[in-house]
Amino acid sequence: KQWYQRRVALPAGITTKTMPDTDGHGFMFVCNLYGFDNQPVPTYWSHDNTNYYPETVATDVIVETSLWDNVKGEGNLTLHHKKSKITSDISYTCNVEVKTPKVETMKSVASVDQISQEKTHIDVFVHTKSSVTLTAKFTSVMSDYGADIVWTNGNHSWTKASPKTNTVTTTYDSSKKTLVSEMVIASYDMGDTLMTCMVNSTRVNPDGAKVEVHVDQYDVVFSNAYLSSTDTSKEAEVNCTVTNSTKKPTSITVTGPSGFASTFEGTVHGVHTLAGKFSSVSSDSSMTCAIVYDNSPKYTDSKNIEVVQITPMTSQTWSGGSVYFTVLIKAVSFNVNTDITWFINGKVLPKGATVTDTYTTGDQLKSVLKVMGAHKDGQVDMVLGGMHNSSHINLTQTLDYYFIGLKKVIAEKDKSTDVVCKLESKKKKVPTATLR
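Residues numbered from 1 in each chain as written. Predicted model: local features only at pLDDT ≥ 70, side-chain atom pairs only at ≥ 80, totals over all residues. Heavy atoms only, no water.

## A closer look at the pattern of salt bridges
Line of reasoning, step 1. For the structure shown, the criterion picks out six salt bridges.
Line of reasoning, step 2. Across the pair Asp 21 and Lys 82 runs a salt bridge whose closest N-O atoms are separated by 3.2 Å. You can see Asp 21 sitting in the loop between strand E1 (13-20) and strand E2 (27-34) and its partner Lys 82 sitting in the loop between strand E7 (74-81) and strand E8 (90-98), a full 61 residues away along the chain.
Line of reasoning, step 3. Overall, the relative accessible area of 27% leaves Lys 82 in the partly exposed class.
Line of reasoning, step 4. Measuring nitrogen to oxygen at the nearest pair gives 2.6 Å for the salt bridge that ties Lys 82 to Asp 23. You can see Lys 82 sitting in the loop between E7 and E8 and its partner Asp 23 sitting in the loop between E1 and E2, a full 59 residues away along the chain.
Line of reasoning, step 5. Accessibility expressed as a relative area gives 41% for Asp 23, which makes it partly exposed.
Line of reasoning, step 6. One continuous salt-bridge network, built from bridges that share partners, spans Asp 21, Asp 23 and Lys 82. (Salt bridge = Lys/Arg side-chain N within 4 Å of Asp/Glu carboxyl O. Helix = DSSP H or I, 4+ residues; strand = E, 2+ residues; numbered from the N terminus. Buried < 20%, exposed > 50% of the residue type's maximum accessible area, 1.4 Å probe, protein only.)

Structure (structure tokens):
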């Protein structure tokens, strides 16, 4: 038997595509032909009134030998544009001269879009856990490449089709020939890093298709300020500090119930500080610290100035083998428990120490320190407010360690014997109890 392969007749046509050249220099323009009974001749490329036929070798252009498959009725003609740097859009037209069923010249255009960036590198400063919008703008864009936009960071990438952890949007303006892409990160906590936005299309020259956005993350310390109602100075001292080893903020501004009098502004080891005070503070109020970096969103932190009535810390009381210290804070407009820090001998809540806070809404807070198994004398401190960043209130009380002295006793059988149980302290003279 003799087998014959017969091709099903399809409408003849041509398509073109563009891609970076395999050697990394220049671009490849490929013209694909299909559905022809015979190889159409001539087939050639043209550009600026110049024709480029198979096996052409010119200064910036090389055309390969035309490839053709008679059985399938298809083939291709590839042109290599070898100029690695281009400064304007490039287009080549594939021309196929057909004799049957009618005489015509089929044409298809392949192009490279030479786009540009408004800025090749952008610096953005963002506060930890704040929302940030990263923007990349491309100009001289002939088509909408929104679907080809890719944001990358290391091995991570985001597009318009990515899950909505980071939202990517694109806007193309055909009249202005601009393409703008934005990526919104709702809660930024990636540290200092480099984000890249790229138009990832074979029809675009990579030289102008990438924008680098360096994101610089910073932290701010700005605390509530506390004044005692018995404080006659009525001055609230305030510090606002920005930690950023890369760059000093454009401005740090503190505003509040009165004019802010700056007492210090400077930078030490990447910590930028604005310190000052508000005068004539006689009632509760609010204050803000605003951080500004050029070309970045302003970050504003709001805190309170609270005038409170506070009782001295109680002397230690013993119960069930533990010692207790109590502080009562009145006239508080919110729960201030997160601003209370207890210390024992300069350490924050060492082992065996616990705190219980009881807040009465809009009235008072009772804070109780419980110390189990105290083994030495010392000092207890309670601080209300940030010790190094704003006005605060510090209360102090002594901690006396007591222990029971019970000496070994040898007793005669059936005879009465005194056993001395002695409560001892290194600081105080205490009574002796006699057990019978």
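## Here we look at the pairing of strand E23 (residues 271-278)
Looking along a regular strand, one sees the side chains alternate between the two faces of the sheet.
Line of reasoning, step 1. Burial within E23 is extensive, with six of its eight residues counted as buried.
Line of reasoning, step 2. Judged from the eight bridges that link them, strand E20 (residues 236-243) and E23 form a sheet pairing that is antiparallel. Bridged to Glu 237 within E23 is Lys 277. (Pairing = 2+ DSSP bridges.)

## Section: the packing of aromatic side chains
Line of reasoning, step 1. A complete count under the given rule lists eight aromatic pairs for this structure.
Line of reasoning, step 2. Geometrically, the ring pair formed by Phe 29 and Trp 45 is edge-to-face, given 6.3 Å between the ring centres and 65° between the ring planes. Placement of the pair is Phe 29 in strand E2 and Trp 45 in strand E3 (residues 43-47), with a sequence separation of 16 residues. The pair formed by Phe 29 and Trp 45 is uniform in burial state, with each residue classed as buried.
Line of reasoning, step 3. An angle of 40° between the planes, with centres 4.8 Å apart, marks the rings of Tyr 44 and Tyr 53 as tilted.
Line of reasoning, step 4. Residue classification places Tyr 44 among the buried positions, given a relative accessible area of 9%.
Line of reasoning, step 5. Through a chain of ring-to-ring contacts, the aromatic side chains of Phe 29, Trp 45, Tyr 52 and Tyr 92 assemble into a single cluster. (Phe/Tyr/Trp six-rings, centres within 6.5 Å; stacked < 30°, edge-to-face > 60°.)

## Quick word on the side chain of Thr 273
Line of reasoning, step 1. Inspection of the secondary structure puts Thr 273 in strand E23.
Line of reasoning, step 2. Beyond its immediate sequence surroundings of up to four residues, Thr 273 is in contact with Cys 240, Thr 241, Phe 264, Glu 265 and Gly 266. (Contact = heavy atoms within 4.5 Å.)

## Observations regarding the nonpolar core
When a protein is soluble and globular, its nonpolar side chains tend to lie buried together.
Line of reasoning, step 1. The biggest cluster of nonpolar side chains holds 26 residues, and the ones touching the most others in it are Leu 134, Phe 138, Trp 151, Val 199 and Val 213.
Line of reasoning, step 2. Listed by contribution, the elements that provide at least two residues to this core are strand E11 (121-127), strand E12 (132-139), strand E13 (149-153), strand E16 (178-185), strand E17 (193-199) and strand E18 (210-222).
Line of reasoning, step 3. Counting residues per element, this core draws most heavily on E12, which supplies four residues.
Line of reasoning, step 4. Ranked by size, the runner-up nonpolar core spans 24 residues in total, among them Phe 334, Leu 365, Ile 393 and Leu 399. (Core = buried A, V, L, I, M, F, W, Y, C linked by side-chain atoms within 4.5 Å.)

## Considerations on the environment of Lys 82
Line of reasoning, step 1. Between the alpha carbons of Lys 82 and Phe 27 there is a distance of 6.6 Å; along the sequence they are 55 residues apart.
Line of reasoning, step 2. Setting aside residues up to four positions removed in sequence, Lys 82 forms contacts with Asp 21, Asp 23, His 25, Gly 26, Asp 60 and Ile 62.
Line of reasoning, step 3. In this structure the side chain of Lys 82 is engaged in a polar contact, spanning 3.2 Å, whose partner is the side chain of Asp 21.
Line of reasoning, step 4. Engagement of the side chain of Lys 82 in a polar contact is seen with the side chain of Asp 23, the distance being 2.6 Å. (Polar contact = N/O pair within 3.5 Å; in protein donor to acceptor, adjacent residues only side chain to side chain.)

## Section: the state of the cysteines
Line of reasoning, step 1. Under the criterion given, the structure shown has two disulfides.
Line of reasoning, step 2. Disulfide pairing is shown between Cys 31 and Cys 94; the S-S distance is 2.0 Å. What sets the handedness of the Cys 31 and Cys 94 disulfide is the S-S torsion sign, and at about -80° it is left-handed. Residue Cys 31 is located in strand E2, and its partner Cys 94 is located in strand E8; the two are separated by 63 residues in the primary sequence.
Line of reasoning, step 3. Paired by a disulfide, Cys 240 and Cys 289 hold their sulfur atoms 2.0 Å apart. Of note, the bridge from Cys 240 to Cys 289 carries an S-S torsion of about -90° and is left-handed in sense. Of this pair, Cys 240 sits in strand E20 while Cys 289 sits in strand E24 (residues 285-292), placing them 49 residues apart in sequence. The exposure classification of Cys 240 matches that of Cys 289, with both residues buried.
Line of reasoning, step 4. Described in terms of the sequence order of its bonded cysteines, the disulfide pattern of the protein is 1-2, 3-4. (Disulfide = S-S within 2.5 Å.)

## Concerning the side chain of Asn 205
Line of reasoning, step 1. Looking at where Asn 205 falls in the secondary structure, it is placed in the loop between E17 and E18.
Line of reasoning, step 2. In this structure Asn 205 touches Phe 27, Ile 86, Val 112, Asp 113 and Gln 114, once residues within four positions along its chain are discounted.

## Here we look at unusual backbone geometry
Line of reasoning, step 1. Residues Val 41 and Pro 42 are joined by a peptide bond in cis, for which omega reads 0°.
Line of reasoning, step 2. Within the element layout of this structure, Pro 42 appears in the loop between E2 and E3.
Line of reasoning, step 3. Cis geometry marks the peptide bond from Thr 100 to Pro 101, where omega comes out at -5°.
Line of reasoning, step 4. Structurally, Pro 101 is set in the loop between E8 and strand E9 (104-112).
Line of reasoning, step 5. In this structure, Asn 345 takes a positive phi of about 50° despite not being glycine.

## Comments concerning the pairing of E17
Line of reasoning, step 1. Counting buried positions along E17 gives five out of seven residues, so the element sits mostly inside the fold.
Line of reasoning, step 2. In this sheet, E18 lies alongside E17 in antiparallel orientation, the contact comprising six bridges. Among the inter-strand pairings, Met 198 is bridged to a residue of E18, identified as Lys 210.

## Topic: the sheet that holds strand E33 (residues 393-399)
Line of reasoning, step 1. Pairing is antiparallel across the open sheet formed by four strands, whose spatial order is E29-E28-E32-E33. What marks the edges here is a single partner per strand, and that holds for strand E29 (347-348) and E33.
Line of reasoning, step 2. For strand E32 (residues 378-384) and E33, the ladder comprises seven bridges, and the chain directions are antiparallel. Each bridged residue has a counterpart across the sheet, and for Gly 378 the counterpart in E33 is Leu 399.

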